[in-house]
Every structure is written in C-alpha cells, then in structure tokens.
Amino acid sequence: MSNTPIVTPDYKESTESYRQLIASTGEDLDRPGLLDTPVRAAKAFAHLTQGYHQSIDEVVNDAVFPSANRELVLVQNIEFYSLCEHHMLPFHGVAHIGYLPDGQVLGLSKFARIVDMFARRLQIQENLSEQIAQTIMDVTGCRGVAVVMDASHMCMMMRGVSKQHSTTRSTAMLGEYQHNNQARNEFLGAVPKRQPAF
Ligand SMILES: Nc1nc2c(ncn2[C@@H]2O[C@H](COP(=O)(O)OP(=O)(O)OP(=O)(O)O)[C@@H](O)[C@H]2O)c(=O)[nH]1
Ligand SMILES: [Zn+2]
C-alpha cells in the first residue's frame, strides 16, 4: 500500500493548511499515524462547514403543505453541532422550534435540516438561533416562530475559563411571538427544561 495520501483537488488547499498547522506543533508529518491526518482533517472540516454550500430551496425541497391548523407546532430536541466563529471549537446542544402556522406547514424533517444548514458554519449561538427563526418565517409565511437553543461551548470547557457545567440558552422570537405574551408563555412553558451540561 502506498504511503502517499490520496488528495482530491477540492481538499488540496485545506490539506496543505492542516499540514502546516500540524507541523507548527513540532510533530513529524511523516510518522505513520499522521500520514493521512491532513486530508482526513480537511474532509472533516469540509463536512462541519458544509452549510456554506447549501441553499434554502435545496434543503426545503418544496416540502410546504397546505393546512388549516393555526395552533402551536413544537419540534423539540433537535441536536446540533456547530463551530464557534471565535475559536473554531465545537459548540453543541439541542434546538427547540415552535411556530404558529398560517395556511401552510413545513415538513417536519426540514426543521432539523434547516438547523444543520446554519449550524454547519462558523457561528455564534445567538445568530444561529436568529437565522433558523428567520428562515422558517420566510419559508412558511407563519404567524410567528420561536427558537430556543441550549448548548455547551468547548471553548469554555477545554480552554479559557474551563467551566464544565455551564450551558447557554439563546432565544429568537419573530412575528406574533414578539408581542403576544400568551403565545410566548405557551411556547416557553412547552419547551423542555434547560439541559444539564453534556
Ligand atoms: N455571545 C457569544 N459569545 C461566544 C460564543 N462562542 C464563543 N463566544 C465568546 O467569544 C468571546 C471571545 O472573547 P475574546 O476575549 O476575544 O477571546 P479569548 O481571549 O479567547 O476569550 P476567553 O474565552 O475568555 O479566553 C469569549 O467570551 C467566548 O466565550 C457564542 O456563541 N456567543
Ligand atoms: Zn469560542
């Protein structure tokens, strides 16, 4: 078997960047355990940032259906993995999405696909919540949408302040949820309690 890693043209630049990064630690890039690491890491990074190459149309795939239901629909415990834009370290947790339809509903799996599309980018949690909420509003034309996300940030756990049990809850509310306290309270009461640290 050849010791030369297989590098596709797509990964050439990022593979070279990973080679330099690994070399900067003083590691021997030619030792057997590391031979394929730069290209593996490049592929993994491409996966973790694949949201940059997806479009809303492709993700939603026209899965918007007519419905007379106008009451709260809550899709909860959608797990996600993202990368913080400050340290490029993972943050991960769960998203809970509630919305009040207005004539049409979104295919249930599409909520998770929308979460992943925006999570697989360099993000801060607050913006991630806003982008998910705004997209659901745009795609469904709903009366209101609320997003709650609970996450643990590796940049606060593996380094820096080194807090292992702190979690962050971010919230985004659009449409009726911005001014209708009854709707807000119904949603917030239905959302699962904050998760303990992972
Ligand atoms: N608001 C917000 N902040 C985040 C998120 N992810 C990471 N951060 C914060 O981004 C900040 C960057 O702060 P800096 O002082 O510039 O960087 P730093 O010296 O590495 O900060 P420390 O993490 O405190 O060591 C830190 O407070 C992180 O906790 C996020 O999703 N939302
Ligand atoms: Zn960070």
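All values derive from a computational prediction rather than experimental measurement.

About the thresholds
- Residue numbers restart at each chain and count upward from 1, following the sequence in its written direction.
- Whichever chain is written first becomes A and whichever ligand is written first becomes 1, with later ones labelled in order.
- For a predicted model such as this one, the threshold for reporting local features is a pLDDT of at least 70, and the threshold for listing and counting side-chain atom pairs is 80 or more; totals across whole chains, interfaces and linings nevertheless cover every residue.
- We count a stretch as a helix when DSSP gives it H or I for four or more residues in a row; a strand needs E for two or more, and each element gets its number in order from the N terminus.
- To sort residues by burial, count the other C-beta atoms lying within 10 Å of each one's C-beta; a count of 20 or more means buried, 12 or fewer means exposed, and anything in between means partly exposed. C-beta atoms are built from the backbone.
- UniProt positions are given in the numbering used here, feature names are shortened, and annotations may be inferred rather than shown by experiment.
- Any residue qualifies as near a molecule or strand once its backbone-derived C-beta atom lies within 6 Å of it.
- Ten residues, namely Ala, Val, Leu, Ile, Met, Phe, Trp, Tyr, Cys and Pro, are considered nonpolar, four, namely Asp, Glu, Lys and Arg, are considered charged, and the remaining ones, Gly among them, are considered polar.
- Helix axes are fitted to C-alpha atoms over the stretch in contact, other axes to C-alpha atoms as well, and angles between N-to-C directions run from 0 to 180 degrees.
- By definition in this entry, angles of less than 35 degrees are roughly parallel, angles greater than 145 are roughly antiparallel, angles of 65 to 115 are roughly perpendicular, and the rest are oblique.
- Handedness of a crossing follows from how the near helix is turned relative to the far one, being left-handed for an anticlockwise turn of less than a right angle and right-handed for a clockwise one.
- Any pair of residues counts as being in contact when their C-beta atoms, constructed from backbone geometry, are within 7 Å of one another.
- Among buried residues, those of type Ala, Val, Leu, Ile, Met, Phe, Trp, Tyr and Cys that are joined through C-beta atoms within 7 Å form a set called a nonpolar core.
- Strand pairing follows a simple DSSP-based rule, namely that at least 2 bridges must link the two strands.

Trainee: For this particular structure, what's the right way to read the environment of Q50?
Mentor: Considering the arrangement of structural elements, one finds Q50 in the loop between α2 (37–48) and α3 (56–60). By the C-beta count within 10 Å, which is 13 here, Q50 ends up partly exposed. Along the primary structure Q50 and F118 are separated by 68 residues, whereas in three dimensions their C-alpha atoms are 9.2 Å apart.

Trainee: Is there a simple way to explain the UniProt feature "domain: GTP cyclohydrolase I" (unreviewed entry) in the chain in this structure?
Mentor: Following the UniProt record, one finds the feature "domain: GTP cyclohydrolase I" (unreviewed entry) at residues 16–189. Spanning residues 16–189, this segment combines 38% helix with 28% strand, and its end C-alpha atoms are found 50 Å apart.

Trainee: Honestly, the site of ligand 1 in this entry has me stumped. Any pointers?
Mentor: The environment of ligand 1 is formed by C84, H86, I124, Q125, E126, H153, C155, M156, G160 and V161. Of all the secondary-structure elements, those providing two or more residues to the shell around ligand 1 are α5 (125–140) and α6 (154–157). Residues of the shell around ligand 1, tallied by class, amount to five nonpolar, four polar and one charged.

Trainee: Is there a simple way to explain the UniProt feature "binding site: Zn(2+)" (unreviewed entry) in the chain in this structure?
Mentor: The residues that UniProt annotates with the feature "binding site: Zn(2+)" (unreviewed entry) are C84, H87 and C155. Annotated residues spanning 72 residues; largest pairwise C-alpha distance 8.0 Å, indicating a single compact cluster. Its location among the elements puts H87 in the loop between β2 (73–84) and β3 (90–100). Judged by the 16 C-beta atoms lying within 10 Å of it, H87 is partly exposed. In this fold, C155 is placed in helix α6.

Trainee: Sorry, what's going on with the packing of helix α4 (residues 108–119) against α5 here?
Mentor: Between two packed helices, the angle of one axis relative to the other and the distance separating the axes together describe the packing. Their axes nearest at 10 Å, the elements α4 and α5 cross at an angle of 135°. Classified by the interaxial angle, the pair formed by α4 and α5 is oblique. In the packing of α4 onto α5, the handedness of the crossing is right-handed. Every residue of α5 that contacts α4 at I114, V115, F118 and A119 is listed here: L128, Q131, I132, T135 and I136.

Trainee: Hey, could you run me through the nonpolar core in this one?
Mentor: Soluble globular proteins tend to pack their nonpolar side chains together in the buried interior. In this structure, A95, V115, I132, I136, V145 and V147 are the most contacted members of the largest nonpolar core, which totals 31 residues. Elements supplying a minimum of two residues to this core: β2, β3, α4, α5, β6 (144–153), β7 (168–175) and α7 (181–190). When sequence neighbours within four positions are dropped, the list of residues in contact with V115 reads I78, F80, A95 and I132.

Trainee: Would you mind going over the pairing of β2 with me for this structure?
Mentor: On any regular strand, side chains alternate: one points to one face of the sheet, the next to the other face. Strand direction decides the pairing type here: β2 and β3, joined by nine bridges, are antiparallel. Note that in β3 the partner of L74 across the bridge is G98. Following β2, the chain reverses through five residues before pairing antiparallel with β3; M88 in that reversal takes a positive phi of roughly 55°. Across two bridges, β2 lies against strand β5 (residues 122–123) in parallel orientation. What sits directly across from L83, in β5, is L122.

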